[in-house]
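# Observations on the model geometry
The lines below spell out each chain.
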Amino acid sequence: LQLLSDPVLVEDISFADIGKGTTVPNERISFAVDGRRVDDNIAKFNEEFKRGRVADPEAASIVAGNSVSGIALWPRLLLDDDVQVNTRHYPEGGHQRSHWQTVMPIMAPEPVAVKGGDRIDVVFDFDVPSEVTKPSSYKITADVVGV
């Protein structure tokens, strides 16, 4: 899992007010594909593919580094002004050991080609009911807008 842009806040839940439920309809967020991150991702994929004995690691790295498969989501807890639990490095989103897994809904049957400067427009629809016996629902849609 490599990131194409800096993380942004998608959902903010106050556990002090959890009984009220939360509905976030049509929350629109745009991510700009960062060319520097794409280059870094290509290098990281290349290292990984060489270890995995991929036939042409350089070509596979370029394809993988210039594509998006899904939207990465992970928790970040703010317990008070001084205590935070970060499951990835904050604010850049880098890897970090954690017992909480990153959730990544796959957004298309095949990775979608992107390049630095492209924009990924995402719409989030969340519904967290006030009753704990009812499941939360999440719907995420996205479009890549090329430059």
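This report concerns the structure included in the present document. These figures come from a predicted structure and were not determined experimentally.

With that settled, consider helix 1 (residues 35-51). Side chains of residues three or four places apart in an α-helix project in the same direction, reflecting 3.6 residues per turn. Taking 1.5 Å per residue as the helical rise, helix 1 with its 17 residues ought to reach 24 Å, and the 25 Å between its terminal C-alpha atoms agrees with that figure. Residues of helix 1 that are buried: Arg-37, Val-38, Asn-41, Ile-42, Asn-46 and Phe-49. Summarising the contacts, the buried residues of helix 1 are in contact with helix 2 (57-65). Capping the start of helix 1 is the job of one residue whose side-chain oxygen sits 2.8 Å from the backbone nitrogen of Arg-36: Asp-34. A positive phi of about 60° marks Arg-53, the residue just after helix 1.

This part takes up a nonpolar patch on the surface. Where nonpolar side chains cluster on the molecular surface, the patch consists of Leu-1, Met-104 and Ile-106 and spans about 260 Å² of accessible area. Inspection of the secondary structure assignment puts Ile-106 in the loop between strand 4 (84-86) and strand 5 (112-113). Residue Ile-106 is classed as exposed on the basis of its relative accessible area of 56%.

A separate point is the sheet that holds strand 1 (residues 22-32). Whenever strands of a sheet pair, they do so through backbone hydrogen bonds, lying parallel or antiparallel. In spatial order, the strands read 1-6-7; together these three strands make up an open sheet with antiparallel pairing. Lying at the two open borders of the sheet, with one neighbouring strand each, are strand 1 and strand 7 (137-145). With strand direction ignored, the average angle separating the axes of adjacent strands in the sheet is 10°. The pairing of strand 6 (residues 119-128) with strand 7 spans nine bridges and is classified as antiparallel. In the strand pairing of strand 7, Asp-121 is matched with Asp-143.

On to the packing of aromatic side chains. For the structure shown, the criterion picks out three aromatic pairs. Residues Phe-45 and Phe-49 carry aromatic rings whose centres are separated by 5.7 Å and whose planes lie at 20° to one another, so their mutual orientation is stacked. Taken together, the positions of Phe-45 and Phe-49, both in helix 1 and four residues apart, correspond to about one turn of that helix. Between Phe-126 and Tyr-138 the ring centres are 4.6 Å apart and the planes differ by 65°, which places this aromatic pair in the edge-to-face class. With Phe-126 in strand 6 and Tyr-138 in strand 7, this pair connects stretches of sequence that are 12 residues apart. Overall, the relative accessible area of 4% leaves Phe-126 in the buried class. Judged by its relative accessible area of 44%, Tyr-138 falls in the partly exposed class. Cluster of aromatic residues (ring-pair linked, three or more members): Phe-124, Phe-126 and Tyr-138.

Thresholds applied
- Residues numbered from 1 in each chain as written.
- Predicted model: local features only at pLDDT ≥ 70, side-chain atom pairs only at ≥ 80, totals over all residues.
- Heavy atoms only, no water.
- Helix = DSSP H or I, 4+ residues; strand = E, 2+ residues; numbered from the N terminus.
- Expected span 1.5 Å × (residues − 1).
- Buried < 20%, exposed > 50% of the residue type's maximum accessible area, 1.4 Å probe, protein only.
- Contact = heavy atoms within 4.5 Å.
- Polar contact = N/O pair within 3.5 Å; in protein donor to acceptor, adjacent residues only side chain to side chain.
- Patch = residues over 30% accessible without salt bridge, like charges linked within 9 Å, V, L, I, M, F, W, Y side chains within 5 Å.
- Areas by Shrake-Rupley, 256 points an atom, 1.4 Å probe, with all protein chains shown as cover.
- Salt bridge = Lys/Arg side-chain N within 4 Å of Asp/Glu carboxyl O.
- Pairing = 2+ DSSP bridges.
- Axes fitted to C-alpha atoms, helices over the stretch in contact; angles between N-to-C directions.
- Phe/Tyr/Trp six-rings, centres within 6.5 Å; stacked < 30°, edge-to-face > 60°.

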